[in-house]
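Summary of the model geometry
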Amino acid sequence: MPELPEVEVVRRGLAGHVVGRTISTLEVFGHRVARRHVAGSADLSARVAGTRIEGARRRGKYLWLVLDDGAGDRQGLIVHLGMSGQMLVADPAAPDPKHLHARFRFADDGPELRFVDQRTFGGIALADLDDADVPTTIRHIAPDPFEAAYDRTAVIRRIKGKDSAVKRILLDQTVVSGIGNIYADEALWRAQIHGERPASSLTKPAIGRLLDHARDVMAAALGEGGTSFDALYVNVNGESGYFDRSLHAYGQEGRPCDRCGTPIRRAQFMNRSSFFCPHCQPVPRRGRG
DNA sequence: CTTTTCTCCTGTATGC
DNA sequence: TGCATACAGGAGAAAA
């Protein structure tokens, strides 16, 4: 549920609180959190201990810390928040919260870093970095709309070539990353496109406008500290953003559309909820766009 | 190869 | 009050 803006809020917090510091120990609790680290949690802890955090990076919903072991070897510590993951900076004397899955202690004996995750869809893992300092294990994740590597024209062309529902494609992180259910619905509302329209039925300019709306709505959300529709999304200090006040579609079932007044409708799509204005975003007829 | 469905997980809300 | 059920949904595995 944390999407690009919420993850960026966390990245900025990490940049301010842990970059430049040296990790003394990493404790991993339970078997779930390091499941993507194939060599296991003991290996993960051993490799992370003693490294210095050189940077905090992000692509889409993926975060990673660039770690330097001081001997010329650099690795990426990937952090994915999943549905409910939190990275919290805390006083080491503060009691452990429920659902604490990992704890980073630092050589300076300053505040520690905790990975807390109620639903345990998130996790941490180490990976090699490529020449651009992107972990090699997330090379299948496309650049997000804020990256220099984002090729808007190529993304439009790729989307135009697909017959799947356009919302499904917005959520496909291998096409463009960072967009989840909330910002997909918001971008579709802004673009006045129904998410079940086949992508190939949209004109290239319409696809371009949709992508630009997705970028713009995520930028606006970031400007307000992210969306806190769920109280689980917080920055590293445990504080929520307030972009949920600015949502036009997501979670607005029954409320009048801010553009035309028609009640916002909710429908099941891909086993998730989709919110849309039935007037501004007409439902496509089956078999055509 | 591409596309779609299933699965992982637990706290909260709702219905009987 | 208790118990069952629905729901939130990112992403990778599995299936089609």
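Near DNA strand C there are 17 residues, and of these Tyr62, His80, Tyr250, Arg272 and Ser273 occur at the shortest range. The contact atoms of DNA strand C, taken as those within 4 Å of the protein, divide so that sugar and phosphate hold 64%. In the environment of DNA strand C, a phosphate oxygen lies 2.2 Å from a nitrogen or oxygen atom belonging to the side chain of His80. Across the surface near DNA strand C, the residue classes tally to 5 nonpolar, 7 polar and 5 charged.

If you check the backbone angles, His99 has positive phi at about 65° while not being a glycine. Locating His99 in the fold gives a position in the loop between strand S5 (85-90) and strand S6 (100-106).

One pass over the full model with this rule turns up 21 salt bridges. Between Glu112 and Arg114 there is a salt bridge; the shortest N-O distance is 2.6 Å. With relative accessibility at 1%, the residue Glu112 sits in the buried group. Glu253 serves as the salt-bridge partner of Arg266, at 3.8 Å between the closest nitrogen and oxygen. A residue pair is termed long-range when its members are at least 10 positions apart, and Arg266 in strand S9 (residues 265-269) and Glu253 in the loop between helix H6 (204-223) and S9 qualify at 13 residues. A network of salt bridges, in which partner residues are shared, links Glu27, Asp96, Arg103, Arg105, Glu112 and Arg114.

Conventions and cut-offs
- Residues numbered from 1 in each chain as written.
- Chains lettered and ligands numbered in written order.
- Predicted model: local features only at pLDDT ≥ 70, side-chain atom pairs only at ≥ 80, totals over all residues.
- Heavy atoms only, no water.
- Near = heavy atom within 4 Å.
- Polar contact = N/O pair within 3.5 Å; in protein donor to acceptor, adjacent residues only side chain to side chain.
- Nonpolar A, V, L, I, M, F, W, Y, C, P; charged D, E, K, R; others polar.
- Helix = DSSP H or I, 4+ residues; strand = E, 2+ residues; numbered from the N terminus.
- Salt bridge = Lys/Arg side-chain N within 4 Å of Asp/Glu carboxyl O.
- Buried < 20%, exposed > 50% of the residue type's maximum accessible area, 1.4 Å probe, protein only.

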